[in-house]
Amino acid sequence: MAGELGNRLNVAVYVVGGFVRDLLLGRKNLDLDLVVEGDGIAFAYKLAHQLGGRVRQHKKFKTAIIIYINAAGEEERLDVATARLEYYEQPASLPTVELSSIKMDLYRRDFTINALAIQLSHDNFGKLIDFFGAQKDIRDKLIRVLHSLSFVEDPTRILRAIRFETRFEFTIGPQTTKLIKNALHLKLITKLSGTRIFHELQLIFNEVSPYQSLLRMQEFAVLEAIHPSLKLTPAKSHLLKEIEKVLEWYRMLYTKPYPEAWIIYLLGLTSASKQEEVESVLERLHLTASQHNEFMTLRSTVKSTINLLGKIRPEAFSQLYKMLSPIPLEGVLYMMARTKSETVKKNISHYLAYLRNTTLDISGEDLQLLGFPPGPAYGEVLRKTLFAKLDDKVNTRQEQLDFAYR
Ligand code: ATP
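Residues numbered from 1 in each chain as written. Predicted model: local features only at pLDDT ≥ 70, side-chain atom pairs only at ≥ 80, totals over all residues. Heavy atoms only, no water.

## Considerations on the pattern of salt bridges
Side chains carrying opposite charge are able to pair once their charged atoms draw close together. The tally for this structure, following the rule as stated, stands at 22 salt bridges. Two residues, arginine 157 and glutamate 153, come together in a salt bridge whose shortest N-O distance is 3.4 Å. Of the charged contacts in the structure, one is a salt bridge between glutamate 207 and arginine 163, with a shortest N-O distance of 3.7 Å. Taken together, the positions of glutamate 207 in the loop between α9 (194–205) and α10 (210–219) and arginine 163 in helix α7 (residues 156–168) put the pair 44 residues apart, joining distant regions of the chain. Judged by its relative accessible area of 16%, glutamate 207 is buried. Each of Asp110, Arg160, Arg163, Arg167, Glu200 and Glu207 takes part in one network of salt bridges that share partners. (Salt bridge = Lys/Arg side-chain N within 4 Å of Asp/Glu carboxyl O. Helix = DSSP H or I, 4+ residues; strand = E, 2+ residues; numbered from the N terminus. Buried < 20%, exposed > 50% of the residue type's maximum accessible area, 1.4 Å probe, protein only.)

## What about the site of the ligand?
If you check the shell around the ligand, you find 15 residues, and the closest are Arg21, Asp154, Arg157, Arg163 and Arg167. A distance of 3.1 Å is found between an oxygen atom of the ligand and a backbone nitrogen or oxygen belonging to asparagine 114. Between an oxygen atom of the ligand and a side-chain N or O atom of arginine 163, the distance comes to 3.1 Å. By residue number, the principal contributor to the shell around the ligand is α7, which donates six residues. (Near = heavy atom within 4 Å. Polar contact = N/O pair within 3.5 Å; in protein donor to acceptor, adjacent residues only side chain to side chain.)

## Some details on the pairing of strand β1 (residues 12–16)
Most of β1 is tucked away: five of the five residues are buried. Burial along β1 is two-sided: Ala12, Tyr14 and Val16 facing one way and Val13 and Val15 facing the other are all buried. Note: β1 against strand β6 (residues 117–119), three bridges, orientation antiparallel. The residue of β6 that forms the bridge with valine 16 is alanine 117. (Pairing = 2+ DSSP bridges.)

## Observations regarding the side chain of asparagine 70
Relative to the helices and strands, asparagine 70 resides in the loop between β4 (63–69) and β5 (75–82). Judged by relative accessible area, which is 14%, asparagine 70 ranks as buried. One polar contact links asparagine 70 to glutamate 76, side chain to side chain, over a distance of 2.7 Å.

## Some thoughts on the pairing of strand β3 (residues 54–58)
Bridging between β3 and β4 involves five bridges; their strand directions are antiparallel. Residue pairing for β4: arginine 54 is matched across the bridge by isoleucine 67. Hairpin connection of β3 to β4: four residues between the antiparallel strands, including lysine 62 at a positive phi of 55°.

Have a look at this one:
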């Protein structure tokens with residue numbers, strides 16, 4: 001549909017970036033980025049009209065997002081960008097410029113594998129455009145930048161290179177490795193805003209195998225360049241590996257909500273640091289005031305709870321529940337990774353997989369029928385009955401009613 005519209009408007013339209021890369025890699029990717037050689041915003045409005053969607057535009061960057069409902073009834077987003085070059089003022093040179101404007105657009109991208117395009121419009125529908133040898137790099141499993149100033153232009157690409165390397169099990173090419181080392185030598189990371197670093201770190205922590213990326217960051221001395229306290233030690237490294245394992249286990253439970261992985265990894269990365277150092281890391285990453293406060297509170301809660309967990313009697317599940325239920329999921333998962341006691345680990349996993357989801361077969365309405373006067377006492381009675389159920393003292397609905405009525 002985008003291609004046909006391009007033909008009608010006489011502008012070349014391409015699908016670019018991650019979608020094309022993943023198509024060649026045989027990986028699923030539903031994020032479609034379009035580049036239009038022409039007025040991208042006008043194109044987005046016309047396409048949105050055909051899709052029955054709406055447009056959010058960003059005039060300064062000549063980009064737009066189309067938000068529409070797909071055939072399956074889900075909301076989908078389509079990014080539309082304009083291939084930007086001054087030559088729009090020189091329509092006389094259109095034929096040569098047409099190709100070079102997409103080339104310039106792709107040249108601004110981070111890595112060869114992300115600088116692929118497929119033409120959707122005109123007679124070239126489906127034509128793969130590869131100016132920089134991306135197909136060969138995909139075959140050779142290489143992450144390569146497009147030019148030697150790439151990391152100087154944008155040092156976040158160092159973190160992106162590591163993320164893609166881990167995700168696709170590729171290797172950062174030798175020349176690109178040299179350029180990363182050079183960028184670190186020039187201390188370019190220190191010039192980056194905390195917000196941008198934090199965003200890239202979050203993307204790394206949301207991947208399936210952040211541990212491998214953390215090891216690579218350590219090899220390149222990226223972690224200490226972000227903040228000296230983040231440097232890995234053997235103990236921290238072990239803990240981060242455990243965190244990855246715990247999150248993998250948790251994912252297999254298929255329970256929502258999913259935790260915010262960055263909190264757990266950052267607890268691990270700062271596990272050996274003093275309070276002031278942790279505060280300084282959070283300031284470097286420019287966390288919001290509430291993220292900052294919540295993180296610090298969680299850190300101290302976890303510290304005080306982890307030892308108590310070791311003192312719980314076997315099978316005292318209501319006690320375990322009372323201890324863990326007020327703590328945010330991220331803190332519970334962190335303790336599961338952090339503890340050295342197999343019993344505590346097993347207890348936490350039992351809490352997350354079963355205890356946490358335990359519900360009663362009776363409700364406030366039943367209490368009312370039993371003649372309890374309505375009021376806050378309901379909550380207390382139900383809570384006690386729940387604890388009894390967790391400790392296996394009451395199972396059936398009748399047993400729960402009897403217990404509540406005692
Ligand atoms: P993912 O699968 O993680 O979403 P993606 O390649 O789609 O990967 P995005 O971050 O959505 O990643 O970026 C879309 C495209 O924009 C990339 O494919 C890349 O071409 C380009 N891009 C993103 N960030 C940068 C950057 N820092 N420098 C240059 N190009 C970038």
